[in-house]
Amino acid sequence: MNRPTGPIVPATDAILGEEARWQEETRGPAMDGRPERRDPFVTQALKWPIKPLYTPADLDAVGFDYMADLGFPGEYPYTRSTRPNGHRTDFWTMTQVTGFGKGEDWAKRARYMLDQGLSGLILEYDLATTNGYDSDDPIVEGEVGRAGMALDSLEDLEKAFELPFDKLKYLMSVCNAPQPVNLAMIIAALEKKSVDPKDFVLHIVNGILIEYTCVGRYIYPPEHGLRIATDCIEYIIRNHPNWAPISIISAQLQPAKANPVQEIAYSLAIACAYIDAVLERGLDIDTVAPYINHFVVNVDMDFFEGVCKLRAFRKCWARLMKERYGATKPEALKIRMMTSPTTIALTLQQPLNNIARLGIMATACALGGAGEAMTTPLYDEAHALPGENAIRVGAAIQHIVAHETGVAETIDPLAGSYYVETLTKQMEDAAFAEMDKVFAMGGAVKAIETGYIQRALGREQYERNKDIEEGRRKWVGVNHLTRADEEREIEIFRLDEAMEEEQIRKVRDLRARRDQPAVDAALEKVREAARNGENMVPPCLEAVKLYATHGEICNAMRDVFGVHSADSQLMGI
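Values in this document were obtained by computation on a predicted structure and should not be read as measured data.

Rules and cut-offs
Residues numbered from 1 in each chain as written. Predicted model: local features only at pLDDT ≥ 70, side-chain atom pairs only at ≥ 80, totals over all residues. Heavy atoms only, no water. Domains from an automatic or database assignment. Contact = heavy atoms within 4.5 Å. Buried area = accessible area lost by both parts, 1.4 Å probe. Salt bridge = Lys/Arg side-chain N within 4 Å of Asp/Glu carboxyl O. Helix = DSSP H or I, 4+ residues; strand = E, 2+ residues; numbered from the N terminus. Axes fitted to C-alpha atoms, helices over the stretch in contact; angles between N-to-C directions. Parallel < 35°, antiparallel > 145°, perpendicular 65-115°, else oblique. Left-handed = near helix turned anticlockwise from the far one by under 90°. Nonpolar A, V, L, I, M, F, W, Y, C, P; charged D, E, K, R; others polar. Buried < 20%, exposed > 50% of the residue type's maximum accessible area, 1.4 Å probe, protein only. Pairing = 2+ DSSP bridges. 1 Å grid on protein atoms, 1.4 Å probe; cavity = no way out; pocket = protein on both sides within 12 Å on 5 of 7 lines; lining within 4 Å. Points joined across faces, edges and corners; volume = space filled by probe spheres on them.

*Asks:* Describe the domain arrangement of the protein, naming the residues involved and giving the relevant values.
*Replies:* By domain assignment, the protein separates into domain 1 (41–76 + 248–476) and domain 2 (101–246 + 509–572). Computed from C-alpha atoms alone, the centre-to-centre distance between domain 1 and domain 2 is 27 Å. Counting residues at the interface gives 37 residues for domain 1, matched by 44 residues for domain 2. Between domain 1 and domain 2, roughly 3400 Å² of surface is buried when both sides are summed, and carbon and sulfur atoms account for 69% of that area. Sorting the residues of domain 1 by area buried against domain 2 places Tyr274, Arg281 and Tyr291 first, and these three jointly supply 24% of that buried surface. Between domain 1 and domain 2 we count 2 salt bridges in total.

*Asks:* Report on the side chain of Asn535, specifying residues and quantitative values.
*Replies:* Of note, Asn535 is situated in the loop between helix H21 (516–532) and helix H22 (537–545). When residues no more than four places from it in sequence are discounted, the contact partners of Asn535 are Asp231, Glu234, Tyr235, Arg281 and Ala529.

*Asks:* Kindly report on the packing of helix H15 (residues 353–367) against helix H16 (residues 388–404), identifying the contributing residues and their values.
*Replies:* The N-to-C vectors of H15 and H16 enclose an angle of 40°; their axes lie 10 Å apart at closest approach. Viewed along their axes, H15 and H16 adopt a mutual orientation that is oblique. The two elements H15 and H16 meet at a crossing, and its hand is right-handed. Two secondary-structure elements touch here, H15 through Ile355, Leu358, Gly359, Ala362, Thr363 and Ala366 and H16 through Val393, Ile397 and Val401. Classifying every residue of the contact of H15 with H16 by side-chain character gives 7 nonpolar, 2 polar and no charged.

*Asks:* Just give me the short version of the pairing of strand E3 (residues 170–174), but keep the residues and values in it.
*Replies:* Burial analysis of E3 places 5 of its 5 residues in the buried class, which makes it a mostly covered element. Side chains Tyr170, Met172 and Val174 project from E3 onto one buried face, and the interleaved Leu171 and Ser173 project onto a second face that is buried too. In terms of strand pairing, strand E2 (residues 120–124) meets E3 through 5 bridges, oriented parallel. When the bridges of E3 are listed, Leu123 appears paired with Ser173. Summarising the sheet, E3 and strand E4 (residues 201–204) pair through 4 bridges and their orientation is parallel. By the bridge assignment for E4, Tyr170 is matched with Val201.

*Asks:* Outline the layout of surface pockets, supporting the account with residue identities and numerical values.
*Replies:* Put simply, the largest pocket is a space of about 1100 Å³. Val97, Glu124, Arg217, Thr343 and Glu381 are, among the 40 residues lining the largest pocket, the residues nearest its centre. Listing elements by their share of the lining of the largest pocket, those giving two or more residues are strand E1 (93–98), helix H4 (103–115), E2, E3, helix H8 (208–215), helix H10 (250–253), strand E6 (294–299) and strand E7 (336–341). The element that contributes the greatest number of residues to the lining of the largest pocket is E1, accounting for 3 residues. Its residues assigned to classes, the lining of the largest pocket comprises 24 nonpolar, 12 polar and 4 charged. Counting contributing residues, the lining of the largest pocket receives three or more from each of domain 1 (41–76 + 248–476) and domain 2 (101–246 + 509–572). Considered as a void within the structure, the second largest pocket measures approximately 620 Å³ in volume. Contributing to the lining of the second largest pocket are 23 residues, with Arg38, Val42, Gln44, Arg472 and Arg473 lying nearest its centre. Looking at side-chain class alone, the lining of the second largest pocket contains 8 nonpolar, 3 polar and 12 charged residues.

*Asks:* If you had to explain empty space enclosed by the protein to someone new, which residues and values would you point to?
*Replies:* In this approach the atoms are scanned with a rolling probe the size of a water molecule, which exposes any empty space left behind. Following the criterion strictly, the structure yields 6 cavities of 30 Å³ or more and no others. The wall of the largest cavity is formed by 15 residues, among which His87, Ala366, Gly369, Thr410 and Asp412 lie closest to the centre. Tallied by class, the residues present in the lining of the largest cavity amount to 7 nonpolar, 5 polar and 3 charged. The calculated volume of the second largest cavity comes to roughly 100 Å³. Around the second largest cavity, the lining comprises 14 residues; the ones closest to its centre are Ala45, Pro260, Asp300, Glu305 and Lys309. Secondary structure elements with two or more residues in the lining of the second largest cavity: helix H11 (260–279) and helix H13 (303–325). Sort the elements by how many residues they give to the lining of the second largest cavity and H13 lands first, with 3 residues. In terms of residue class, the lining of the second largest cavity is made up of 4 nonpolar, 4 polar and 6 charged.

*Asks:* I'd love a proper account of the sheet that holds E6, names of residues and values included.
*Replies:* Where strands meet in a sheet, backbone hydrogen bonds hold them as pairs that are either parallel or antiparallel. A sheet is described by the order of its strands in space; here 8 strands give the open sequence E4-E3-E2-E1-E8-E7-E6-E5, paired in parallel fashion. In the strand order of this sheet, the two ends are held by E4 and strand E5 (248–249), each with one partner. With 4 bridges connecting them, E1 and E2 associate as parallel partners. Its bridge partner being in E2, Val97 is matched across the sheet by Ile122. Sitting on the sheet, helix H7 (residues 179–192) touches E3 and E4, and the angle it makes with E4 is about 165°.

This is how it looks when you write it as structure tokens:
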């Protein structure tokens with residue numbers, strides 16, 4: 001057997017030498033007189049340089065180690081998947097967001113969506129509800145039932161839950177600031193419907209801390225917002241252990257223009273704030289982490305940034321739980337994700353183009369592991385509440401990705417790509433560096449109270465908006481291939497204008513026929529629990545069953561906690 005007689009050259013040096021030769025002899029001559037179409041090539045959100053070619057030398061440069069950084073599906077560090085068999089056994093739960101009008105309006109739409117093959121729904125509430133007001137409060141005039149379902153009392157949920165619970169296996173309820181009230185209403189409504197809570201998965205979002213950073217649907221100051229969120233987490237762990245008490249909505253940071261590193265770092269730091277608060281109530285990390293490990297993560301149109309972000313999220317969570325908290329049980333080390341194409345990639349102009357965008361982003365979600373569930377925004381969302389045709393198309397997109405593309409036939413099919421592994425490792429390292437900054441200033445709550453996170457997001461918004469305005473990022477229909485004569489080409493769902501008046505009449509009629517002294521006594525118990533540091537869910541549940549209204553219970557807590565008013569100096573760039 002012949003052996004080389006010359007000096008042995010390290011593999012990386014040999015590859016770098018060959019790459020330099022290729023650049024000089026092959027690529028360079030091919031580019032003579034033909035400059036690249038962009039200078040420089042960078043990722044959309046992070047603005048990180050993109051090389052023309054990636055090789056094993058790039059993995060060596062970032063310190064990539066197969067077992068430490070990649071490993072095998074279902075095993076630490078879970079980069080490839082938290083599921084040992086990926087989606088070869090079953091697909092992700094296919095969901096959509098819905099919410100508008102009265103309870104009975106939502107129930108009708110929800111039944112239609114379940115008939116389209118969905119098994120999970122995400123219930124959004126209107127701005128009156130999420131900000132803790134009843135529909136007849138003058139401050140919310142014109143907003144009732146617009147951006148979600150109006151929820152004034154238990155009666156509304158009794159109407160909304162006229163559903164086939166044999167089809168609906170999973171419901172996510174999005175109501176962050178008044179979460180103890182919302183949780184109490186759902187528990188009471190399920191009791192009224194004789195739905196066994198053990199056979200039904202309720203997932204409350206309960207993610208108030210992110211609301212302070214970018215969304216703005218908060219009521220109480222951050223310390224009290226965290227306290228009542230922790231009350232809900234503790235109550236569910238102790239009373240409904242099969243339910244999910246929180247989601248960390250990274251998907252709210254992303255539309256605020258957080259880049260992938262910021263998404264990972266800030267959402268994980270926020271998760272740590274919840275974990276620390278629950279640990280103080282006598283529970284251990286291996287019990288707590290599996291209840292706080294659910295994240296909703298968007299994918300944008302930069303395909304590889306999206307795929308790598310999902311992979312990095314899994315590894316960063318596993319490392320954080322193991323290295324910061326000493327978690328040992330696999331369920332504590334595994335992140336659970338609901339993935340989604342982002343709504344901010346969808347355009348008002350030429351809305352049918354959004355169908356292509358949704359298909360591309362949903363494919364990126366699937367290639368990044370998809371998570372336990374995927375929700376699909378709808379192509380007409382930039383115009384109005386989604387119409388029924390958009391719902392059908394949105395459901396079909398998920399089925400097309402799942403059944404027709406083959407992307408879920410093998411586990412983590414992009415693993416081993418020199419570019420994908422390099423970008424995943426770089427995101428992980430940068431995310432931990434940013435988390436260290438947040439922890440050094442006292443954690444996520446302190447970073448919110450001082451405006452650190454808000455200012456960072458503001459800077460990102462400014463820079464990325466400039467990219468579009470100045471044409472560095474092409475957006476078809478917006479600054480590229482625009483149509484001056486464009487006409488609306490989709491159906492528009494329009495809410496019945498009489499709905500708001502009817503909802504107001506209903507809540508006023510309710511107040512006139514209930515046992516008012518009993519309601520007053522129950523609301524005082526809510527105030528006492530708020531003052532005494534007791535868990536807020538039981539007194540809210542008692543008040544709800546007596547038909548105290550959503551706004552009345554929120555006001556009782558306002559009497560004790562006060563309200564949060566963001567300092568404009570903390571919100572700027």
